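For reference, the chains in residue letters:
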Amino acid sequence: MTRLRNGFAAALLLLAIWQGLIWVLSPPKFILPSPALVAETMWKSRALIGEHALITIYEVGLGLFFGTLFGIVTAIQLATSPAARTLLRPILAFSQAIPVFALAPILTLWLGYGMLSKVVMAVLIIYFPVTSAFFDGLMRTPAGYLDLARTMGATNRRILWHIRIPAAVPSLGSGLKLAAVYAPIGAVIGEWVGASKGLGYLMLLANGRAKTDLMFAAVLVLGALSMALYIAVDAGVTRYLKRRES
Amino acid sequence: MTTGVGITVTGQATGLFPALSLPLRAGAWTCLLGPSGVGKTTLLRLIADLPAHVDFSGDITAEDDQPLPGRIAYMAQSALLLPWASVLDNVTLGAKLRGNRADRDRALNLLSRVGLADHAHKKPAALSGGQRQRVALVRTLMEDRPVVLLDEPFSALDAKTRAEMQELAMELLQGRTVLLVTHDPSEAARVGHAIHVLSETGLESVAPPNAPAPRAVDDPETLTATGALYSKLRGAA
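Residues numbered from 1 in each chain as written. Chains lettered and ligands numbered in written order. Predicted model: local features only at pLDDT ≥ 70, side-chain atom pairs only at ≥ 80, totals over all residues. Heavy atoms only, no water.

(A) Molecular detail of the overall build of chain A. The helix and strand inventory of chain A stands at ten helices and zero strands. Each helix and strand of chain A, placed in order from N terminus to C terminus, yields the pattern α-α-α-α-α-α-α-α-α-α. Summarising its shape, the C-alpha atoms of chain A cover approximately 75 × 45 × 30 Å along the three principal directions. Once local pairs closer than 6 in sequence are excluded, the contacts in chain A between residues at least 24 apart make up 72%. Surface accessibility of chain A: about 13,800 Å² in total, with carbon and sulfur atoms responsible for 71%. For chain A, the distance from the average position of its 21 positive side-chain charges to the average position of its 9 negative side-chain charges is 6 Å. (Helix = DSSP H or I, 4+ residues; strand = E, 2+ residues; numbered from the N terminus. Contact = heavy atoms within 4.5 Å. Areas by Shrake-Rupley, 256 points an atom, 1.4 Å probe, with all protein chains shown as cover. Lys, Arg positive; Asp, Glu negative; His and termini not counted. Charge placed at Lys NZ, Arg CZ, Asp CG, Glu CD.)

Here it is in C-alpha cells:
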C-alpha cells in the first residue's frame, strides 16, 4: 500500500513539474502539450489508442511466453550438459554484445512488417536475462541437497527434476521480472522500425503529423501498460514463492 | 528390523589426518569427536562416498565384503528439508529420487512415532528447528539402511531439544551401525558405544562409560567421561 501511495505521489510530482513548465515557458503545443490537452486527446482517441495498444499487448504477451519458454529450455540444457556449456555460452555472450536494436531492421526484412518480427524482437531481448537468471539458479543448488540425493541413490535426471529445478524457481522469478521490463521495449523497437499497428507505430505516426498530444498520450499509455505488467509479474512471482513455502 | 553391518576405515588423507584405523562396530553407535577442521566430516564423507576434496589413500570395507554404496543413510547438521515440499513429501524424497513408489503409510507411521503426525502436510517453514531435525530423522529412517552416518545432526539445537533428539535417534536407529560425528564431548559421553577422538596426530580411542546408552546427562560416570573428553580435546587442539 505504501508503494502504491509513493507511486501516486511521484506521478503527481511529475505532473506538477510538467504543468509548471507549461506555465513558465508556455511552449507551442506541438512542442510540449499541456497535461490537460494530452488527457483530452487520450479520451477522445481512446478507440484508436486502445486498438493499437491491444496489438502491442499481444506482441509483448507472446514475446514473454516464448522468450521465457526458450530461456527455460536453454538454461536446463546448459546446466545439464557440459558440452552445451562450452559451445553455447560463448555464442550467448557474443549475441549479447550485439545490441538487439541493431537487429530490428534485419528482423523486419526477414519476417516482414507484421506481428512476427515484433514478437521475435521481444523474445530476443528477454531470452538472455531469463536464461542466465535460471541457469545461475540451477548451478547454485545447495550442496547439502545434492549430498543427500547422492546418498539416496538418485539419478542426475531425477535430481534435476525434484531438486535442482524447484530450487532454481526463485532465480527464474527474478529473470521473469527483468523480462517483464524488457519485453515492451523489444516490441516497441520492432514497431518503430517498421509496422502498421501498435503503440510504437502510433507514436511515430503522431510525431510525423505533429500531433504531439497524441504521441504523448501513446507514450503515457505504453508507460502505464509496462508498469502494470511489471507490477503484475512482480506480485505474481512474490505470491507464488511465498505460497509455495507455506 | 534392519541390522547394521560393521565397517572398517583404514587409511590417511594427505595434509589432513595421518594413517588411522576407525572401526564401526555392527549395530553400535561410534562417536567421532574432535576439534573443527581435523577431518571428522571428511572421514564421514569418504564413508558415504560423497565428494570429499581430499587426497585419501586407504580402504573402507564392510565386514561382509559387500559393497557399501546403497547401504548408507546420511543426516547432516542442517535438516536439508526442501522448503517447497510438505513434510510427507520430504520424508519420502528418497523413493521419489529412485523412481520408486513412496510408502506413505510407513512415513505417516514414523512421523507419528516422532510426534509429528499432525504436521505431515505442513511445509518445513512452519516447523521449529527441533521438529525439522525430527523430520530429517524420519527421512533417514525411511531409507532403511544398515549404516547411518550422522554429521553433527543435533549441534544446532537447544540443550533440551538436543537431549530429546539423542534419545529418540538412539531408540529409532537401534540395531543399525551408526557413526556420529560431533564436537560435543557430553554428546559423545551420552550416546557412544565407542568413542574416538580425532586430532592432527591421529585417532585415539577412549573407553565410554559402562552404563547402557543413552546415559543420563547428570550421571557421575557420564560427567567424568565428559570431563576426560574435554581435557583430551583441549590437549588435542
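Next comes the rest of the write-up.
(B) Geometry of the UniProt feature "transmembrane region" (unreviewed entry) in chain A. Mapped onto the present numbering, the UniProt feature "transmembrane region" (unreviewed entry) falls at residues 57-79, 91-113, 119-138, 182-202 and 214-233 of chain A. A helix fraction of 100% and a strand fraction of 0% characterise residues 57-79 of chain A, whose end C-alpha atoms lie 32 Å from each other. (UniProt positions renumbered as here; feature names shortened; annotations may be inferred.)

(C) Quick peek at the pairing of strand E8 (residues 194-199) of chain B. Residue and element names in this part refer to chain B. Within E8, six of the six residues are buried, which leaves it mostly tucked inside the rest of the structure. Strand direction decides the pairing type here: E8 and strand E9 (residues 202-206), joined by five bridges, are antiparallel. By the bridge assignment for E9, Ser199 is matched with Gly202. Linking two consecutive strands that pair antiparallel, namely E8 and E9, is a turn of two residues. (Buried < 20%, exposed > 50% of the residue type's maximum accessible area, 1.4 Å probe, protein only. Pairing = 2+ DSSP bridges.)

(D) The arrangement of the interface of chain A and chain B in detail. Listed per partner, the contact involves 21 residues of chain A and 22 residues of chain B. On the surface where chain A and chain B come into contact, there are one salt bridge. Between Arg45 of chain B and Asp147 of chain A there is a salt bridge, and its shortest N-O distance comes to 2.8 Å. Linking chain A with chain B are five residue pairs in polar contact (both at pLDDT 80 or more). Of all the secondary-structure elements, those providing two or more residues to the side of chain A that touches chain B are helix H7 (143-151), helix H8 (156-193) and helix H10 (212-244) of chain A. (Salt bridge = Lys/Arg side-chain N within 4 Å of Asp/Glu carboxyl O. Polar contact = N/O pair within 3.5 Å; in protein donor to acceptor, adjacent residues only side chain to side chain.)

(E) View of the sheet that holds strand E5 (residues 72-75) of chain B. Residues and elements named next belong to chain B. A sheet is described by the order of its strands in space; here six strands give the open sequence E5-E6-E7-E3-E8-E9, paired in mixed fashion. Two strands bound the open sheet, and with one partner strand each, they are E5 and E9. The mean angle between the axes of side-by-side strands here comes to 20 degrees, regardless of whether they run parallel or antiparallel. (Axes fitted to C-alpha atoms, helices over the stretch in contact; angles between N-to-C directions.)

(F) Inspection of the environment of Pro51 of chain B at higher detail. By secondary structure assignment, the location of Pro51 of chain B is in the loop between helix H1 (40-47) and strand E4 (56-62). In this structure, Pro51 of chain B is in contact with Asp147 and Arg150 of chain A together with Arg45 of chain B, ignoring residues within four places of it in sequence.

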